[in-house]
Amino acid sequence: MNLKRLEHLVAVAEEGSLAAAARRVHLSQPALTRSIQALEEEAGAVLFDRGARGVTLTTVGRMVTERARRILFESGCLARDLALVRQHEIGSVQIGLGAFPAAILLPELLSQLHRQWPKLRITTEVSHPAALLDALHAEQVDFVVVEHSTVPTAAELEVTRLPAGPGGVYARVGHPLAAGPVSLATLRESALVSVVFPPETHERLRKLLRCKPGEELPFQVESNDFRALTHLVRHADALLLAPARAVREELVEAGRLVALDIPELPEITMQFAIVRLAQRTLSPAAERAVAVIEAVART
């Protein structure tokens, strides 16, 4: 049913006369009469008894008016909530991130979103890229941020690359290998730790470290809890393979980690991407989260 006609119905019921109701809804009395008649035709029943002293609701009219009030109330609430969502005052966003993107982007992302829109509900999932892409296809998350090399070429995915950055191998201050150049052979014999890599990344790393056929990568610990990895490396003789930005605080600000000098190791470049479903319109909250991620990635 037409919401305006329901509004006219409620106005007539509450004012008790067509003339007063017409003034309330800013219509002429003939226009209001036509609106009520159209509603009665649509309902297939008389809603008002007309008399010399005004109009009175019929039994059907009382039932329709009661329902109309609830409909108009819910319509008003919906309009208000949509306006608030557009203003980012309420709403929600679900974001999936790989372990490295989460270590680099998530703290500042959460800080900015919560500071600017404290009522926004934010859910994040840090996981393996394959699991995150499955969640994206199932529309359990609005978008994901993962290593670009792990994203398949698919028409249903819209991919936005973020600026690439260097990676390296890091150790605690005072580590036996921190003092001088490290050979790839020595690196392969050391205890490496990092996030859980997909098979294609493992193969790329095997080539970078010049592993022999059948030789496994020397990862002793793999975990998507990046904070736990940095804690481990600070307190043990393990070596951390990671993007430089992910350890910037530990490396530069706190001085707890150092980058190893490995002359034989080719330059390691890591690039992440924002991935969303091409045919799915992002909510205003998700759009803002994407904008914040892009800004943080450029800093």
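Higher on the page you've got the structure.
None of these values were measured; they are calculated from a predicted model.

**Q** When you look at unusual backbone geometry in this model, what are you seeing that I'm missing?
**A** Excluding glycine, residues mostly carry a negative phi; peptide bonds, for their part, are mostly trans. Of note, the phi angle at His26 is positive, near 60°, even though the residue is not glycine. Tracing the backbone through its elements, the reader meets His26 in the loop between helix H2 (18-25) and helix H3 (29-43). At Arg210, a residue that is not glycine, the phi angle is positive and equals roughly 55°. With respect to the helices and strands, the residue Arg210 is situated in the loop between helix H8 (199-208) and strand E9 (219-222). Arg210 sits in the partly exposed class, given a relative accessible area of 49%.

**Q** Can you walk me through the pattern of salt bridges in this structure?
**A** Here the idea is simple: oppositely charged side chains can pair when their charged atoms come close. What the rule picks out here adds up to 16 salt bridges. We note a salt bridge from Arg172 to Asp237, for which the minimum N-O separation is 2.7 Å. Residue Arg172 is found in strand E7 (residues 165-172), and its partner Asp237 is found in the loop between helix H9 (226-234) and strand E10 (239-243); the two are separated by 65 residues along the sequence. Judged by relative accessible area, Asp237 falls into the partly exposed class, the value being 40%.

**Q** Is there a simple way to explain the nonpolar core in this structure?
**A** Phe143, Val145, Val169 and Phe226 are the most contacted members of the largest nonpolar core, which has 60 residues in total. Per-domain counts for this core show at least three residues from each of domain 2 (92-163 + 272-298) and domain 3 (168-266). With residues up to four places along the chain from it excluded, the contact list for Val169 reads Leu187, Leu192, Leu239, Leu240, Leu241, Val258, Ala259, Leu260, Ile262 and Leu265. By size, the runner-up hydrophobic cluster in this structure holds 18 residues, among which are Val12, Leu32, Leu57 and Ala68.

What counts and what doesn't
- Residues numbered from 1 in each chain as written.
- Predicted model: local features only at pLDDT ≥ 70, side-chain atom pairs only at ≥ 80, totals over all residues.
- Heavy atoms only, no water.
- Helix = DSSP H or I, 4+ residues; strand = E, 2+ residues; numbered from the N terminus.
- Buried < 20%, exposed > 50% of the residue type's maximum accessible area, 1.4 Å probe, protein only.
- Salt bridge = Lys/Arg side-chain N within 4 Å of Asp/Glu carboxyl O.
- Core = buried A, V, L, I, M, F, W, Y, C linked by side-chain atoms within 4.5 Å.
- Domains from an automatic or database assignment.
- Contact = heavy atoms within 4.5 Å.

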